[in-house]
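Okay, here's what each chain looks like letter by letter:
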Amino acid sequence: MYADIVTIFPDYFAPLDLSLVGKARRAGLVNWQVHDLRSWTHDRHHTVDDTPYGGGAGMVMKPEPWGEALDDLLDRAWSTPTLIIPTPAGEPFSQALAYEWAAASHVVFACGRYEGIDARVAQYAATRMPVREVSIGDYVLNGGEVAVLAMMEAIVRLVPGVVGNPESLVEESHAVGSGLLEYPAYTKPVSWRGWDVPEVLLSGHHGRVEAWRQERSRERTAAVRPDLLDADNA
Ligand code: 6GU
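What counts, and where the lines are drawn
Residue positions are given per chain, counting from 1 as you read along its sequence in written order. Totals for whole chains, interfaces and linings use every residue, but because this is a predicted model, local features are given only for residues with pLDDT of at least 70 and side-chain atom pairs only at 80 or more, for both listing and counting. Placing a C-beta atom from the backbone of each residue, we mark the residue near a molecule or strand if the atom is within 6 Å of it. We count a stretch as a helix when DSSP gives it H or I for four or more residues in a row; a strand needs E for two or more, and each element gets its number in order from the N terminus. For this scheme, ten residues count as nonpolar: Ala, Val, Leu, Ile, Met, Phe, Trp, Tyr, Cys and Pro. Four count as charged, namely Asp, Glu, Lys and Arg, and the remainder, Gly too, count as polar. Burial is judged by counting other C-beta atoms within 10 Å of a residue's own C-beta: 20 or more means buried, 12 or fewer means exposed, and anything between counts as partly exposed, with every C-beta placed from the backbone. UniProt positions are given in the numbering used here, feature names are shortened, and annotations may be inferred rather than shown by experiment. We call two residues in contact when the distance between their C-beta atoms, placed using the backbone, is within 7 Å.

**A look at the site of the ligand**
Phase 1 of the analysis: In the neighbourhood of the ligand, the contacting residues comprise Pro-86, Thr-87, Pro-88, Ser-135, Ile-136, Gly-137, Tyr-139, Val-140, Leu-141, Gly-143, Gly-144 and Ala-147.
Phase 2 of the analysis: The biggest single contributor to the shell around the ligand is strand 5 (residues 82-92), with three residues.
Phase 3 of the analysis: Grouping the constituent residues of the shell around the ligand by class yields seven nonpolar, five polar and no charged.

Below you can see the structure in the form of structure tokens.
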């Protein structure tokens, strides 16, 4: 999995070199390059935005630097990448998309700022590569950078070899596949500040443990995400 990340704030992506994701890069399992959109401008002030046609508040990112950036990245690519445009107006990002892009050889993230990127950029891009506009939730961020950090973490941990014990992904994908939220976890000590670890987890009885965990998953899902029960039923 190789990613090009285009942004006007390259510094946002320094934390990708930390922890599991940074380790995966150093191990050669994934790689990415961060590009400053302003390197595709030609004016003295490296202008990337302008006022919106039709009026309204805020600024819109100009199409020209984006067009040149995409052309350059496509010229350098050995195969056709997927363009991912983070926007609160996009389709929901999901574990399924994370799996899809973890298996992709090349993705390009286009981080918009202000009120977004001139809509013709996505139209042009779609003539040259698959384009996905995606949102990470129903709230508004100032730009796509933080969304790309979240998506990169979700994607990279699914690249084969990145997570040490693939069993943990299997368990998790069961949780995702079942459409239920994760059950609560406990570790030592068995008694802490008057709260005890649920007896069943100490029983060593695998079947009872599984049944208890599934009950807790259903309970939690019903409490905070009833939409998931409706969607999946059971
Ligand atoms: Cl992907 N971008 C921005 N700017 N805001 C968001 C988002 C993305 N997802 C949720 N809010």
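**Some thoughts on unusual backbone geometry**
Phase 1 of the analysis: In the segment running from Lys-188 into Pro-189, the intervening peptide bond is cis, with an omega of 10°.
Phase 2 of the analysis: Within the secondary structure layout, Pro-189 lies in the loop between helix 6 (166-177) and strand 8 (191-192).
Phase 3 of the analysis: One non-glycine residue, Ser-19, adopts positive backbone phi at about 60°.
Phase 4 of the analysis: Examined against the element boundaries, Ser-19 turns out to sit in helix 1 (residues 19-26).
Phase 5 of the analysis: Given 10 C-beta atoms within a 10 Å radius, Ser-19 is considered exposed.

**Re the UniProt feature "binding site: S-adenosyl-L-methionine" (unreviewed entry) in the chain**
Phase 1 of the analysis: In the numbering adopted here, UniProt assigns the feature "binding site: S-adenosyl-L-methionine" (unreviewed entry) to Gly-112, Ile-136, Gly-137, Asp-138, Tyr-139, Val-140 and Leu-141.
Phase 2 of the analysis: By the element assignment, Asp-138 lies in the loop between strand 7 (131-135) and helix 5 (145-156).
Phase 3 of the analysis: Tracing the backbone through its elements, the reader meets Leu-141 in the loop between strand 7 and helix 5.
Phase 4 of the analysis: Contact partners of Leu-141, with chain neighbours within four places excluded, come to Val-146 and Ala-147.

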